[in-house]
Amino acid sequence: GAVVSQHPSRVICKSGTSVKIECRSLDFQATTMFWYRQFPKQSLMLMATSNEGSKATYEQGVEKDKFLINHASLTLSTLTVTSAHPEDSSFYICSAPKGKQETQYFGPGTRLLVL
Amino acid sequence: SQQGEEDPQALSIQEGENATMNCSYKTSINNLQWYRQNSGRGLVHLILIRSNEREKHSGRLRVTLDTSKKSSSLLITASRAADTASYFCATDASGNNRLAFGKGNQVVVIP
């Protein structure tokens, strides 16, 4: 199978700071990656589609200036939560399809806690 | 985007029993997928069923899809303690990998 990693796995930050989360495809190239957030005991909500070489596509209601996405290479996408507030505390998960596969490989997630 | 929605269930079963979960969605789909999530972890893909398929098997998993009712079910046979997890269905409306996830089912298998 394919492997997707995320870093960091857990981060605690102060309100007003920015936090960068990395998503890497370790053994395959991903021209597209997806970012989700998940609140405790709830489902995953798609935030945006990260596209290598072009701008990310954001879902309705997701602030693009708040959640900056950069797909720097075929194996790396980053999500930066800018000026984080306590309500941004959540579990952030990325995923990537391998090639033209319909199934996706998910990273292990990053738990963000904003104090 | 559309939303897959499971019937909110928290299943607690004995090892060896079967576990059944349901999922309903609202709009047309290209495919529907089931994922498993262990507590605080990422998701693991279990099985994908396309809109023109009605039933699919993979090991101890059996998935059905009824597009007329916009619903799907996941059956895990002969459950094991290691099957304890949350199970989510996700729909892909256009075949472009943008998934809409349902609420999830918490399954606890008691050894």
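**Q** Describe the overall build of chain B, naming the residues involved and giving the relevant values.
**A** For chain B, the count of helices and strands is 0 helices and 11 strands. Taking 13 Å as the expected radius of gyration for a compact globule of 111 residues, we find that chain B reaches 13 Å, a close match to that expectation. The principal-axis extents of the C-alpha atoms in chain B amount to approximately 40 × 30 × 20 Å. Within chain B, buried positions represent 45% of all 111 residues. Considering only intrachain contacts with a sequence separation of at least 6, the fraction spanning at least 24 residues in chain B is 54%. Counting only carbon and sulfur atoms, one obtains 44% of the accessible surface of chain B, whose full area is about 5200 Å².

**Q** I'd love a proper account of the interface of chain A and chain B, names of residues and values included.
**A** Across the contact, 20 residues belong to chain A and 21 residues belong to chain B. A combined buried area of about 1500 Å² lies between chain A and chain B, and 48% of that area is made up of carbon and sulfur atoms. Looking only at chain A, the three residues that lose the most surface to chain B are A:Ser43, A:Glu102 and A:Phe106, adding up to 35% of its buried area. Here chain A and chain B share 1 salt bridge between them. We note a salt bridge from B:Arg98 to A:Glu59, for which the minimum N-O separation is 2.7 Å. Counted by class, the side of chain A that touches chain B contains 9 nonpolar, 8 polar and 3 charged residues.

**Q** Outline the sheet that holds strand S1 (residues 4-7) of chain A, listing residues and values.
**A** Residues and elements named next belong to chain A. Reading across the sheet, the 4 strands line up as S1-S3-S8-S7 and stay open at both edges, with antiparallel pairing between neighbours. Bordering the open sheet on either side are S1 and strand S7 (67-73), each of which pairs with just one other strand. Taken pair by pair, the neighbouring strands of this sheet meet at an average axis angle of 20°, ignoring direction. Pairing between strand S3 (residues 19-25) and strand S8 (residues 76-81): 6 bridges, direction antiparallel. The partner of Ile21 across the bridge, within S8, is Leu79.

**Q** Give a description of the nonpolar core that names residues and reports values.
**A** Core analysis: the largest hydrophobic core is formed by 25 residues, its most contacted members being A:Trp35, A:Phe67, A:Leu79, A:Tyr92 and A:Leu112. Listed by contribution, the elements that provide at least two residues to this core are strand S2 (10-13), S3, strand S4 (32-38), strand S5 (44-51), S7, S8, strand S9 (90-97) and strand S11 (110-114) of chain A. Filtering out sequence-adjacent residues up to four positions away, A:Leu112 remains in contact with A:Val11, A:Cys13, A:Val19, A:Val81, A:Asp88, A:Ser89, A:Ser90 and A:Tyr92. Listed in part, the 22 residues of the second largest apolar core include B:Ile49, B:Val63, B:Ala85 and B:Val109.

**Q** Give me the confidence of the model for chain B: which residues, what numbers.
**A** Mean pLDDT over chain B works out to 90, with 93% of the residues at or above the 70 mark. No element of chain B has a lower mean pLDDT than strand S1 (residues 5-6) of chain B, at 53, and none a higher one than strand S7 (residues 61-66) of chain B, at 98.

**Q** Got a sec to walk through the state of the cysteines? Specific residues and values, please.
**A** Applying the stated criterion across every chain yields a total of 2 disulfides over all chains. Each disulfide pairs two cysteine sulfurs, and for A:Cys23 the partner residue is A:Cys94, the sulfurs being separated by 2.0 Å. Because the torsion about its S-S bond is 80°, the bridge between A:Cys23 and A:Cys94 counts as right-handed. Of this pair, A:Cys23 sits in strand S3 while A:Cys94 sits in strand S9, and the two are 71 residues apart along the sequence. Residue A:Cys23 shares its accessibility class with A:Cys94, and that shared class is buried. What pairs with B:Cys23 in a disulfide is B:Cys89, and their sulfur atoms sit 1.9 Å apart. A torsion of 55° about the S-S bond marks the disulfide between B:Cys23 and B:Cys89 as right-handed. Here the residue B:Cys23 occupies a position in strand S3 (residues 19-24), and B:Cys89 occupies one in strand S9 (residues 85-92), the gap between them amounting to 66 residues. By relative accessible area, which is 0% here, B:Cys89 ends up buried. Residue A:Cys13 stays outside any disulfide, its sulfur separated by 18 Å from that of A:Cys94, the closest cysteine.

What counts and how
- Residues numbered from 1 in each chain as written.
- Chains lettered and ligands numbered in written order.
- Predicted model: local features only at pLDDT ≥ 70, side-chain atom pairs only at ≥ 80, totals over all residues.
- Heavy atoms only, no water.
- Helix = DSSP H or I, 4+ residues; strand = E, 2+ residues; numbered from the N terminus.
- Rg over C-alpha atoms; globule rule 2.2 N^0.38 Å.
- Buried < 20%, exposed > 50% of the residue type's maximum accessible area, 1.4 Å probe, protein only.
- Contact = heavy atoms within 4.5 Å.
- Areas by Shrake-Rupley, 256 points an atom, 1.4 Å probe, with all protein chains shown as cover.
- Buried area = accessible area lost by both parts, 1.4 Å probe.
- Salt bridge = Lys/Arg side-chain N within 4 Å of Asp/Glu carboxyl O.
- Nonpolar A, V, L, I, M, F, W, Y, C, P; charged D, E, K, R; others polar.
- Pairing = 2+ DSSP bridges.
- Axes fitted to C-alpha atoms, helices over the stretch in contact; angles between N-to-C directions.
- Core = buried A, V, L, I, M, F, W, Y, C linked by side-chain atoms within 4.5 Å.
- pLDDT = per-residue confidence, 0-100.
- Disulfide = S-S within 2.5 Å.

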